[in-house]
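# Understanding the architecture of this molecule
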Amino acid sequence: MFLFFTLLVLHSALGAIATTHRYDWELSWVTAAPDGFSRPVIGVNGEFPSPTITVMKGDRLIIKVHNELGNQSTAVHWHGIHQRGSPEMDGAAGVTQCPIPTGASFTYDFTLEQGGTFWYHSHYGGQYPDGLRGALIVKDPDAPWAGRVDEEITMTLSDWYHPRMPPLLNEYLSPERYQANDGHEHFPSSALINDRQGDRIQVRPNKTYLFRIINIANFLSFTILFDQHPFTVVEIDGIYMEDFHARERLSRLAVGQRISVLVRTKPVASYNFEILSFSDVSLVSPTEGLSWNSTAYLTYDGSRPTPTGLSIADLRYYDELELVPLSREAPFKPNKQIVLQTSMEGINSVIRGTVDGKTYLPPKVPSLYTALSFDSDVTRNPRIYGHTNPIVIRLGDVVQMVINNNHDHPHPWHLHGHTFQVLERPLDSNTGPFSGTLGPISATPIQRDTVVILPESYVVIRFKADNPGVWLLHCHIEWHIEGGMTATIVEAPDELPDIAQLHPSHINACKQYPMDYIGNAAGKVDNPLNLTGVHECVVQGSDGSVSYRCSLTY
Ligand SMILES: [Cu+2]
């Protein structure tokens, strides 16, 4: 089943013709072997990899998702899209919607107001590494590369696992694993570029290409190298940058991050060249010494052999904070500071991610729906959101947020609904937490939506609370989000009822799941401060069994 309609409507705000793109997506299990090993993966309309969505800035996207997986619920998040005015379309299960149970449908409907490189992925139950993730490209005639580029190429980087996620997650979040190795993440089976190995990317000589590079992995960060083709960075995470010539220095992307680069091809088509994506172990686990690589080819001439043997002797990176956003926006002036202590630690003999010592536990009512259930004197009270690590901010707040990483591993933190300025992020591990005083900062700090915090170090970010919604703030490593390394930003609860809507297909998903769509985190309506029955980390089943997989128990 595949339906596609395109409607032309007049988009008065932009004064230009905007297009409405309608897709019907049927999700089901299909078989694929992206690295040669055949396994079940989630397909969209029977196909793997998931489709790349390409739209124009100002266009409207209406995607009706039909869950035909048979054994799993789902939800689809649009990573980097701010969902301004449509916070109920953010796609985070348990936050902005109920999970879509198998057999049910759910309609996402929103307008793309940002240009740039984005992606979409399942935001339910550690599911996207099983295949439900793809590129979302929003073209923009006003992009800084307009008129300078002959062709665009989208390139996804990923790790890949042979087993499916649910049994791996069960094991990861088990007391046995915590006892055996302190709850170590499972390592991937391989690495992929464009969901395959050895992808031959056809290029023509003497042209300028825009490569949109997206890390859609579960766990790994990647360093990317174009052999003998220097590149110019022009975009990071949907934010246009002034041309940045990386020269001999390398670029790395953690899970969730994107860069767009200009690559000029050689004047003549005499050879083909390697594109190497290799796992950046320093961003995963500095002590393991393990590595996963994937190669693609800049293919000038398909009749010529593909080269081999590219390696990198000198791991020199540029600092992302050297870049300058095209907007040249000055540092925001904060009126509010939030300091978070984040880590991973054993709770009830299971490895859990923590924010201020507390692990995220999903509520019985999606947090956005809780924010719509009561008057604002109640919805301003973080208590009603239960164990979601809620942080309530008011419309117009300018927030300086300090995230201290007290764990001995790096973590890529992602904020929904916003890009944020990165004021300070030490390049060294083990700096200890933020001292409280900023060092020299850029007069035009970069903005992005996912930032790596090095082991035992910190980041200082700023953002404006100008987008009412309920937005997750979490480590993007899928193991860690399932382990509860998550906080919930409840932004502008006073204004939310005028902005967020409960659509019929959204209520339907709740009814079919079933999950309450009115009430506090414990599903209580009469007394919102009564949290009796809210999900706790140890869940006692009716048969007397004890479950530690509370993060999967919506
Ligand atoms: Cu993490």
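In this text the structure is predicted, and so the values were computed from the model without any measurement. Starting afresh in each chain, residues are numbered from 1 along the sequence in its written order. Reporting in this predicted model follows two pLDDT cut-offs: at least 70 for local features of residues, and 80 or more for side-chain atom pairs to be given and counted; totals over whole chains, interfaces and linings ignore these cut-offs and use all residues. Side-chain calculation: all heavy atoms of the structure are included, whereas hydrogens and water are not.

## A short note on the pairing of strand 24 (residues 398-405)
Exposure classes here rest on a 1.4 Å probe applied to the protein chains alone. A residue is buried below 20% of its type maximum, exposed above 50%, and partly exposed in between. A run of H or I in DSSP becomes a helix once it reaches four residues, and a run of E becomes a strand once it reaches two; helices and strands are each numbered from the N terminus. Judged by how many residues are buried, strand 24 sits mostly within the fold: eight of eight residues are covered. Across the two faces of strand 24 the burial is the same, with Val398, Gln400, Val402 and Asn404 and Val399, Met401, Ile403 and Asn405 all buried. At least two bridges found by DSSP between two strands are what make those strands a pair. Here strand 21 (residues 336-347) runs beside strand 24; their pairing, made up of seven bridges, is parallel. By the bridge assignment, Lys336 is partnered in strand 24 with Val399. Two elements, strand 24 and strand 29 (residues 457-464), share eight bridges in a ladder whose sense is antiparallel. Looking across to strand 29, one finds that Met401 is bridged to Ile461.

## Digging into the sheet that holds strand 19 (residues 273-279)
Ordered in space as 12-20-19-14-17, the five strands form an open sheet in which the pairing is mixed. The open sheet has two edge strands, strand 12 (199-202) and strand 17 (251-253), and neither has a second partner. Neighbour-to-neighbour, the strand axes of this sheet turn through a mean angle of 25°, independent of strand direction. The pairing of strand 12 with strand 20 (residues 293-299) spans four bridges and is parallel. Bridged to Asp199 within strand 20 is Ala296. To define axes, lines are fitted to C-alpha atoms, for helices over the stretch in contact only, and angles between the resulting N-to-C directions are given on a 0 to 180 degree scale.

## Observations regarding the domain arrangement of the protein
Many structure descriptions define interface size as the accessible area lost when the parts assemble. Looking at the protein, the domain boundaries give domain 1 (4-139), domain 2 (151-322) and domain 3 (336-552). These domain limits were set by an automatic method or by a database of domain assignments. Computed from C-alpha coordinates alone, the two centres of domain 1 and domain 2 are separated by 23 Å. By definition in these notes, contact holds between two residues if any of their heavy atoms fall within 4.5 Å. Listed per partner, the contact involves 28 residues of domain 1 and 31 residues of domain 2. Each of two parts loses accessible area, computed with a 1.4 Å probe, when they are put together; buried area is these two losses added. Considering only the surface of domain 1 that becomes buried against domain 2, Asp35, Thr117 and Arg133 emerge as the three largest contributors, covering 25% of it. Throughout this description, the term salt bridge denotes a Lys or Arg side-chain nitrogen within 4 Å of a carboxyl oxygen of Asp or Glu. At the junction of domain 1 and domain 2, the tally comes to two salt bridges. Across the pair Arg133 and Asp195 runs a salt bridge, and its minimum N-O distance is 3.0 Å. We define a polar contact as two N or O atoms separated by no more than 3.5 Å, with the added condition that, inside protein, one atom must be a possible hydrogen donor and the other a possible acceptor, whereas residues neighbouring each other in sequence contribute only through side-chain atom pairs. Taken together, the links from domain 1 to domain 2 amount to 15 residue pairs in polar contact (both at pLDDT 80 or more). Only strand 3 (39-44), strand 8 (116-122) and strand 9 (133-139) provide two or more residues apiece to the side of domain 1 that touches domain 2.

## Focus: the sheet that holds strand 22 (residues 350-355)
Read from one edge to the other, the open sheet built from six strands follows the order 22-21-24-29-26-27, with strand pairing classed as mixed. The open sheet is flanked by strand 22 and strand 27 (447-448), the only strands paired with a single partner.

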